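Results of the structural survey
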Amino acid sequence: MRELVYYVAVSIDGFIAGPAGEFDAFPIEGDHMDAINERYADTIPTDLALALGVERTTPMFDTVLMGWNTYAVGLPMGVTSPYRHLRQIVFSSTRRAEADDVQTTDEDPVALVRRLKREPGDAIWLCGGGALASSLLGEIDRLVLKRSPVVFGAGIPLFAPGAYAPERFDEVATTAFDSGVVLSEYVRAEGA
């Protein structure tokens, strides 16, 4: 069965973006970039990967899930299909994606993910945002946090606030880079 992987950059105070969706404080230069981009090349937007000459030799993902605000980040720059190399699904009940190859849905995220997991294919990347991640917490098999050495103070949290309901994940790998970025990978605990 396919895995749902929440791979995301996060500040050390737990935010994946600023209050208005800002993400420019995350470091994009440093010794972490090559290592992370090699393993997670599928998470680089299609046009950016082409411009940087990043090759996707070992695909990890074939589908990306986004909330509307995550998808809309590129719209002011004319980016209507950010991950053309992946099947793109955007959750919104009020808006529609501007590209034919981006599926917009108002389907229950849990039901959709369960259906996707039964299909053949590679892992499913949960790109963001925090509200979508919260609704899918019970379906997340792997959590990959790219923690950056910045404090936002406010913004969009890794998971939107909800009821107290602990979910256990076991650490399987952590790499600290000289840039201060720490990449930590967790899998859902057995029986959780």
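Residues numbered from 1 in each chain as written. Predicted model: local features only at pLDDT ≥ 70, side-chain atom pairs only at ≥ 80, totals over all residues. Heavy atoms only, no water.

**Observations regarding a nonpolar patch on the surface**
Together, Phe23, Val73, Met77 and Val79 line one region of the surface with nonpolar side chains, adding up to about 360 Å² of accessible area. On the secondary structure map, Met77 appears in the loop between α3 (68-72) and β4 (87-91). (Patch = residues over 30% accessible without salt bridge, like charges linked within 9 Å, V, L, I, M, F, W, Y side chains within 5 Å. Areas by Shrake-Rupley, 256 points an atom, 1.4 Å probe, with all protein chains shown as cover. Salt bridge = Lys/Arg side-chain N within 4 Å of Asp/Glu carboxyl O. Helix = DSSP H or I, 4+ residues; strand = E, 2+ residues; numbered from the N terminus.)

**Remarks on the environment of Ala35**
Position of Ala35 relative to the elements: it lies in helix α1 (residues 32-39). Expressed as a C-alpha distance, the spacing of Ala35 and Gln88, which sit 53 residues apart in the sequence, is 25 Å.

**A short note on the sheet that holds strand β6 (residues 123-128)**
Spatial strand order, β5-β4-β3-β6-β1-β7-β10-β9: eight strands in an open sheet with mixed pairing. The sheet is open, and its two borders are formed by β5 (102-105) and β9 (169-176), each paired with just one other strand. Pairwise comparison of adjacent strand axes, ignoring direction, gives a mean angle of 20° for this sheet. As judged from the seven bridges shared by β9 and strand β10 (residues 182-188), these two strands associate in the antiparallel manner. Bridge assignment links Thr175 to a residue of β10, and that residue is Leu183. Sitting on the sheet, helix α4 (residues 109-118) touches β1 (4-11), β3 (61-67), β4, β5 and β6, and the angle it makes with β4 is about 165°. (Pairing = 2+ DSSP bridges. Axes fitted to C-alpha atoms, helices over the stretch in contact; angles between N-to-C directions. Contact = heavy atoms within 4.5 Å.)

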